[in-house]
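Breakdown of the fold
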Amino acid sequence: MKRNMKKLLTLGVTMTAAGFALAACGGGSTDKKASDGNENASIKLWVDVAFVDTYKPLVEQFEKEHKDWKVTIKPSESASAQENLKKDPSAAADVFMMPHDQLGQMVDAGIIYANTKYEDSVKENSTESAVAAATYDGKLYGYPYGVESQILYYNKGKLAEDDVKSWETLTSKGKLGANFGEAGANYIFTPLFMSNGDELYGKDGEDINGTNFNNDQGVQVLKWIRSQKDNPGVVQSNADALSNLGNGKIDAYLSGPWSKLDVEKALGDNFAVAPYPTVDLGNGAVRQKAFLGVKLFGVNASTKSPVAAMALADFLTNKENQLTVFEKNGTVPANKEAQTDGKVTSDKVAEAVMTMSDADHSVVMPKLPAMVTFWGPVEAVINDTYNGKIAEDQYLPKLDKLVKDTSKSDK
């Protein structure tokens, strides 16, 4: 998943809907197609290679319940979902895994089918943040099956539970490995701006001119980032974070659930996990936020069997199947009832991810296609600030340029 996350952050493929005759599939034509018969439907399903064995028995169960429908399951990297779908929508899977932040580009390209049949079910059974992630421009498209967020891993032989509740105590009583100065800092530390009251592409992440980092709060964030260069409790760590954790050079680091097994191996009996700490950016303690990612199933707008495809997507994301996927693959459910199941609540990593998934602890990654132009500029600002390449009196001008460069050109 860490590899997938890095890839999705760099996906910058943009495409207009003009090349697709199905650009209107999110509207009235979808409703017409959804009413068509689907007897003897043959459906293709794409899932990540690590999930193929998990989903095979689920697909078999689906076929038993729908004897006229045949499902063929194939491995395909979910982080490349939109890229693979755009190559040839007619040859792509009818149902596929995808990260939610690709939704805007898929909708604009007319290659994803609106969830017209199971909208009420998704809204009733999924967490609020998962529903928001599956929705674009007021319309529900996705079928959420999992949530993920950065969390704090730490060595409980060096740090107590109370020590990791704030950045100040964490870095005064131990050493935190954190990546401020290299590639990837954008994903980890951009949410600091939202922690301090700013917005990225507006309140809902869909306003192209809604980024307001160029203000006093934004300047405070950059001042704080620069101060971490001189914090003896912060060790710049990136690819070497796990080895640093294992050899004791650091006592904690920020990563996601995809690192669970590696961290357990590095720390052994001293393995511990917690939500992000609070941080003081200049106006008192606030919750350090992270980006929330939601795992979705989507339906191809070019499917010839929309009723069967939507039924499959809904079936794969029901409560029972989300729990199966959690048990076998560790994916934290997006289903509200599944999140209360003892198998999930007894898992410390899942517990921390679920805590981080609420609005007080995280920000749903924006789905606007413009996000592909945001990562590079914000990365440069964070890296250069931390490394002392930007003078303090240039913080606001740099933020002005960042906002201008990642908004509409006529702003």
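Up top is the structure.
This section reports on the structure supplied with the text. (Residues numbered from 1 in each chain as written. Predicted model: local features only at pLDDT ≥ 70, side-chain atom pairs only at ≥ 80, totals over all residues. Heavy atoms only, no water.)

**Thoughts on the side chain of D48**
Relative to the elements of secondary structure, D48 occurs in the loop between β1 (42-47) and α3 (52-65). Put simply, D48 is tucked away with no salt bridge, and the nearest opposite charge, on K295, sits 5.7 Å away. A distance of 2.7 Å separates a polar side-chain atom of D48 from the backbone nitrogen of S78. (Helix = DSSP H or I, 4+ residues; strand = E, 2+ residues; numbered from the N terminus. Buried < 20%, exposed > 50% of the residue type's maximum accessible area, 1.4 Å probe, protein only. Lys, Arg positive; Asp, Glu negative; His and termini not counted. Salt bridge = Lys/Arg side-chain N within 4 Å of Asp/Glu carboxyl O. Polar contact = N/O pair within 3.5 Å; in protein donor to acceptor, adjacent residues only side chain to side chain.)

**Describing the pairing of strand β2 (residues 70-75)**
One ladder, built from six bridges, connects β1 with β2; its direction is parallel. Counted as the bridge partner of W46 is K74 from β2. Traced from β1 through α3 to β2, the parallel crossover comes out right-handed. (Pairing = 2+ DSSP bridges. Right-handed = clockwise from strand over helix to strand, strands pointing away.)

**Considering the nonpolar core**
If you look at the biggest cluster of nonpolar residues, it comprises 100 residues, and the most contacted ones within it are W167, F180, F189, F213 and I225. Here this core takes seven residues from helix α19 (residues 371-386), the largest share from any one element. Residue contacts for F180: discarding those within four places in its chain leaves W167, A185, F189, W224, I225, Q228, V234, Q236, I382, N383 and Y386. Grouped together as the second largest cluster of nonpolar side chains are 31 residues, L58, F62, V71 and I73 included. (Core = buried A, V, L, I, M, F, W, Y, C linked by side-chain atoms within 4.5 Å. Contact = heavy atoms within 4.5 Å.)

**Some thoughts on the pattern of salt bridges**
Following the criterion strictly, the structure yields 14 salt bridges and no others. Residues K165 and D162 are paired through a salt bridge, measuring 3.1 Å at the closest nitrogen-oxygen approach. Classification of D162 as exposed rests on a relative accessible area of 54%. In this structure, K260 engages D347 in a salt bridge whose closest nitrogen and oxygen atoms are separated by 2.8 Å. Within this pair, whereas K260 is found in helix α13 (residues 260-267), its partner D347 is found in the loop between α17 (342-345) and α18 (348-356), the two being separated by 87 residues in sequence.

**Overview of the environment of K404**
Here K404 lies in helix α20 (residues 395-405). Separated by 329 residues in the primary sequence, K404 and P75 place their C-alpha atoms 40 Å from one another.

**Describing unusual backbone geometry**
A positive phi angle, close to 50 degrees, is found at D137, a residue other than glycine. The topology assignment puts D137 in the loop between β4 (135-136) and β5 (139-140). We classify D137 as exposed; its relative accessible area is 64%. Although it is not a glycine, Y201 sits at a positive phi angle of roughly 55 degrees. Along the chain, Y201 falls in the loop between α10 (191-195) and α11 (216-227).

**Details of the packing of α3 against helix α14 (residues 306-316)**
The geometry of α3 relative to α14 is characterised by a closest axis approach of 11 Å and an angle of 130 degrees between their N-to-C directions. When the axes of α3 and α14 are compared, the pair comes out oblique. For α3 against α14, the interelement crossing comes out right-handed. In contact with Y55, L58, Q61, F62 and E65 of α3, α14 contributes A308, A311, L312, F315 and L316. Split by residue class, the contact of α3 with α14 holds eight nonpolar, one polar and one charged. (Axes fitted to C-alpha atoms, helices over the stretch in contact; angles between N-to-C directions. Parallel < 35°, antiparallel > 145°, perpendicular 65-115°, else oblique. Left-handed = near helix turned anticlockwise from the far one by under 90°. Nonpolar A, V, L, I, M, F, W, Y, C, P; charged D, E, K, R; others polar.)

The values reported here are purely geometric and, on their own, carry no functional implication.
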